[in-house]
Structure formats: C-alpha cells, structure tokens
Amino acid sequence: MAERRLLVLFGSQTGTAQDTAERIGREAKRRHLQCRVEALDSCDVANLIHEPLVVFVCATTGQGDPPDNMKMFWRFLFRKNLPAGSLCQLDYAVLGLGDSSYPKFNFVAKKLHKRLLQLGGNPLLPVALGDDQHDLGPDAVVDPWLMALWDKILALYPLPPGLEIISPDVRLPPKYTLHYLPEDCPHPSSDLRQLTTPQAAPCELHPFAARMVSNQRVTAQSHYQDVRLIEFDIAGSGITFSAGDVVMIQPQNCPEDVQQFCQLLHLEPHRHFVLKSTEPGTPLPPLLPQPCTIQYLVTHYLDISCVPRRSFFELLAYFSMNELERAKLQEFSSAQGQEELYSYCNRPRRTTLEALWDFPHTTCAIPADYLLDLIPRIRPRAFSIASSMLAHPERMQILVAVVRYKTRLSKPRHGLCSTWLASLNPEQGDVRVPLWVKKGGMKFPADPATPVIMIGPGTGVAPFRAAIQERVALGHRGNCLFFGCRHKSKDFYCQTEWEELVTKGLLTLFTAFSRDQEEKVYVQHRIQENGRLVWELLSSGNAHVYLAG
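Keep in mind that this is a model prediction, so the values were computed, not measured.

Trainee: So what about the overall build of the chain? Which residues, and what values?
Mentor: For the chain, the helix and strand inventory stands at 17 helices and 21 strands. What you see for the chain is a C-alpha radius of gyration of 26 Å, in line with the 24 Å of a compact globule of 549 residues. Referenced to the eigenvectors of the C-alpha coordinate spread, the extents of the chain come out at roughly 85 × 60 × 50 Å. Out of the 549 residues belonging to the chain, those deemed buried represent 50%. Long-range contacts, defined here as pairs at least 24 residues apart, represent 76% of the contacts in the chain between residues at least 6 apart. Put simply, the chain shows about 26,600 Å² of open surface, and 53% of that area lies on carbon and sulfur atoms.

Have a look at this one:
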C-alpha cells in the first residue's frame, strides 16, 4: 500500500496562511496521514520530486508579490532550465489567500498553480481563491474546498483497515510537551545578551542585540501623537544597509500583561522547563532557549496581544468544562459563527489576553503543553531605516509613531512593538533590542545627475531622510522633498536638518501643514502648485519619483 504522507507548505506574511496550513495539518492527523507543515523557504525544493502529495497555502502581498518566507522557493520554481516533466509524480493542490480589493487578487496562488501544471504536476482540485473581503472571510472558500480535498485524498490513500477518521470531538495531542525541571537544579541563564556575538550577518534566527543609544520624542507634548526618533549602536554587528532598507525588530510583551497571563493560567513564571516534540521529526521552535522559563516564553515568544483567530477558539473549546463557555467557543469556531466572531474579536481588536479573561473557567483549565498550539509566536515588525551609514557610521535610526487608538472597548488599543520601544529608556541602563536588516523595495539612482522627487507625509519621510543623508554625503544634487504633517509647530519632523540643507542648496523642500489654516492643505496640493517644476524634473531631468506613507 502506498505510503500515506502529506506535505503542507505555506507562504505567509501576517500568519493567516500559516494558521490555515496548520489547520490542514491537524485535519490530516485526524485522517491518520503522516504530515509535515513547513514554510516554503524552509523546505528543500529539490526534494519536491520525491514528494507524492503536497498542499500549498500561499498568501499574496503588496502588488502581487510572494510573501518573504517563500521568495527563494519562488525564484527556484521559475528557473527557465527546469525540465517540463520534473514534477510528473506530484499530486498537488493550491490554496490561495488574498483580498479582492487589490488588482492582483491571489496572483501568487494562480501563478503557482499554473507553474506546477507546466512542470507536469497533477492538480487534485482547481486552485482555491480565499477572499478577505467575503462576509465570512477566506473560510467561505476554504471550508468547502477542504472537504472536497479530503474526499480526493482519501480516494487515493484510503484509511488503513480498522482505522476511522478521528472525530472532531476528540482533542489531538499537542505539538510539544513541557517538562518542568526540578526547582533546585542549576540552569543556564536564557538571556538576550547571548545574541550579541553573531556567527554571520544577523537574521531572524540570530538577531543582533543592539544597544539603544537614544529615544527622543519628536512631536510636541501637546500633539495627539507620540512619535520617536530612536538610535541604535550597531558597532560590531556586521550589519550594513543603504537608503530604502528595512530593519526588523523582535518586540516583547509588557510585564503587566505577562503577569496577568501567568495568573490567569496559574503558571509559575520562574519555573524552568524543556520542550520535547510529541512526534519524531518535528523540529523544536528555533527561537526558544532550552531550558527556558515560563517568564521568557510568555515575554518573548507567545503573542498574547494579537487578535485571536478562529483556530484559537476551536482548540480552547476542548479544554472547557463550563457548558456556557464551551457553547460560545464552539459557535466562534464554526463556519456559521464567523460574523459573530468578527464583531467580538476583529472589529474591536480584542486581544488574546482579553479573550482569555472572558472565558475564565476554560482559561484556568488550559494545559501548559498546549500553549504553543494555542498562541502564535510574536512576529517581528518592520521599520524603514531613517539614517545613512555615511552620515552616522555604526549607528542606525528609526522614526516610530506609537500606535494607540480607541475602539468600542473601554481600554485603548496599543501597538505591541511601538509601545514597547517607546517605553525603553537608555538613560536608565543598558537597553538592548533584537534586530536585523532586510533589503527594502526602494532603490535610489546611482547616477548623481538623476534628480529624485520624494513624497513623504508623516513618518513616511523616514526612508527619505536616509536617502537624503546618503545622497548629500555622495555629493548627489537634485534632491526634492514634499513633506506633509498637521502643524508646523507640532509634528514637523527633522525641521532643523531640512532647513540647514535648504540653506546650503542641497535640498528643495515643499511643506504642507494641513491644519495650520482654515482649508486643509496636503502634499498633493503642493505637487499641483509646483507642477511646472515637477514636470521639468520628470521630462528633461528623467527624475525618479518615490512615495512613502
């Protein structure tokens, strides 16, 4: 009998495709299939020729681009020299997650499906196009498509004699088990400082613990928004970057939330544990030290401030001994309950921690072994680098708007990373932030004669500050910046820096302060008013235009 094994590969930017891939993995276990779930860039693409059955789950980002964790796979798959029949043994299915309000709706999934077909793959089903804009979200497409997929797979790989599909009423075992260590045995300290000696260029698995040098508020105290210019010391990190590049920062949960979470779940923060995989071959989470403390796990790894997904409520329902709570959790995890879930969770941006508060009888019954199945890991956040190494060697600066807004919930919502960064005070001791750099999407012209028109309202000006510093240091002229904000006196970032460059003739600056007069004035008005200059730069100067929001 053919080996019953399935590989589920995902390309995910925000975690939705990964969540869906893991759901397929759970459903495969219920059908007694051997199943691995991996990011596309973590798997060896050359091995695809040995895989009998693969399900691809892919998001589409930006203007039809593949997510970061499938870019290498994408480049390999579209190589011209791959032979036409190289995947003839492969049965596959492609599930796309997209948003039909974008012109390139589910572009990655459609293109992948077509390419696998070209290489001789055998599609089990037409490509599924999940849509965020649907009333029930992508699940409106995903649910029926998965039912059809399992019918196809079970026809090809019937259940072994004597086995039945594990009922949805039965809880699957956790991915990992937590083994507490005796309180008196010595433990190595799981501290961030270990990260300060990078083996190679810092990356997500080996970030550099950069020392924060300064954290300065650049908006007036009376201004509604708190914006920070933050500087890091990156000496000895091996990090290099140029204008347009992006820094990735790994944030952490605030101590109050960590404390609350541990109290709710009756966890002892200082207990040490080691993780063991339930199934052989499942790798351990790479970002967790072994042994680890509960405190470290909850502070640095579990995303307790994210808005929980449907899968969270589905798993939570298994732990519930309270009839009322269980009924509600089951409703939230059903296809019919998705509108209700949307108004409970997504619309008011309710966090995982707040949802746990609402189900107290269930929460105190959550086994620690299931924490990593229940709560996703904290994702890194991307910031445009706002300085140039030519102007500030061994330093890196970012411009951060602290995210804070109201919903119908009484407590204001806070951005996890920006709030954490704003709370750090380098004057009170050694403050370290784990970071690494990624190539950005903006490339500035190498030819010093090519003028550059930059349109950067608000914190969108960050990458242009890096570009202007770099271009001025290289002696490139033709720097033209359109900057917009609310008030000249309150949120005109880097005002003195721009004015000095204007005085020296190194920058042409147009400003739009939208609230400083009766009628609102925005950058587009300034572009229109200076249409002749802009057209001159474009038509005879061959200028490049950049826009950042």
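Trainee: Lay out a positive patch on the surface in plain terms, naming residues and giving numbers.
Mentor: There is a patch of like positive charges on the surface, built from Lys80, Lys104, Lys111 and Lys114. Relative to the helices and strands, Lys114 is located in helix H3 (residues 107–118). With a relative accessible area of 58%, Lys114 lands in the exposed category.

Trainee: So, the pairing of strand S8 (residues 208–217): which residues are in play, and what are the values?
Mentor: Within a regular beta strand, the side chains point alternately toward one face of the sheet and then the other, so they alternate between its two faces. As defined by bridge partners, S8 adjoins strand S17 (residues 432–438) across 4 bridges and the pair is classed as antiparallel. Paired with Ala209 across the two strands is Pro434, which belongs to S17. Here S8 runs beside strand S9 (residues 227–233); their pairing, made up of 6 bridges, is antiparallel. For Met212, the partnering residue across the bridge sits in S9 and is Phe232.

Trainee: Tell me about the nonpolar core, residues and numbers included.
Mentor: Judged by nonpolar contacts, the single largest core of 42 residues is most densely connected at Phe261, Leu297, Leu302, Phe313 and Leu372. With 6 residues, helix H7 (residues 310–319) is the single largest residue contributor to this core. Setting aside anything within four residues of it in sequence, one finds Leu372 in contact with Tyr176, Leu178, Leu275, Pro285, Leu288, Leu297, Tyr301 and Leu302.

Trainee: Lay out the packing of aromatic side chains in plain terms, naming residues and giving numbers.
Mentor: According to the stated counting rule, one finds 12 aromatic pairs in the structure shown. In textbook terms, an aromatic cluster arises when at least three aromatic residues are bridged by ring pairs, as seen for Phe312, Phe313, Phe332 and Tyr344. A cation sits over an aromatic face here: Lys104 above Phe107, 4.8 Å from the ring centre. Lys111 extends its terminal NZ or CZ atom over the ring of Phe78, reaching a point 5.0 Å from the ring centre.

Conventions used here
Residues numbered from 1 in each chain as written. Predicted model: local features only at pLDDT ≥ 70, side-chain atom pairs only at ≥ 80, totals over all residues. Heavy atoms only, no water. Helix = DSSP H or I, 4+ residues; strand = E, 2+ residues; numbered from the N terminus. Rg over C-alpha atoms; globule rule 2.2 N^0.38 Å. Buried < 20%, exposed > 50% of the residue type's maximum accessible area, 1.4 Å probe, protein only. Contact = heavy atoms within 4.5 Å. Areas by Shrake-Rupley, 256 points an atom, 1.4 Å probe, with all protein chains shown as cover. Patch = residues over 30% accessible without salt bridge, like charges linked within 9 Å, V, L, I, M, F, W, Y side chains within 5 Å. Salt bridge = Lys/Arg side-chain N within 4 Å of Asp/Glu carboxyl O. Lys, Arg positive; Asp, Glu negative; His and termini not counted. Charge placed at Lys NZ, Arg CZ, Asp CG, Glu CD. Pairing = 2+ DSSP bridges. Core = buried A, V, L, I, M, F, W, Y, C linked by side-chain atoms within 4.5 Å. Phe/Tyr/Trp six-rings, centres within 6.5 Å; stacked < 30°, edge-to-face > 60°. Lys NZ or Arg CZ within 6 Å of the ring centre and 35° of its normal.

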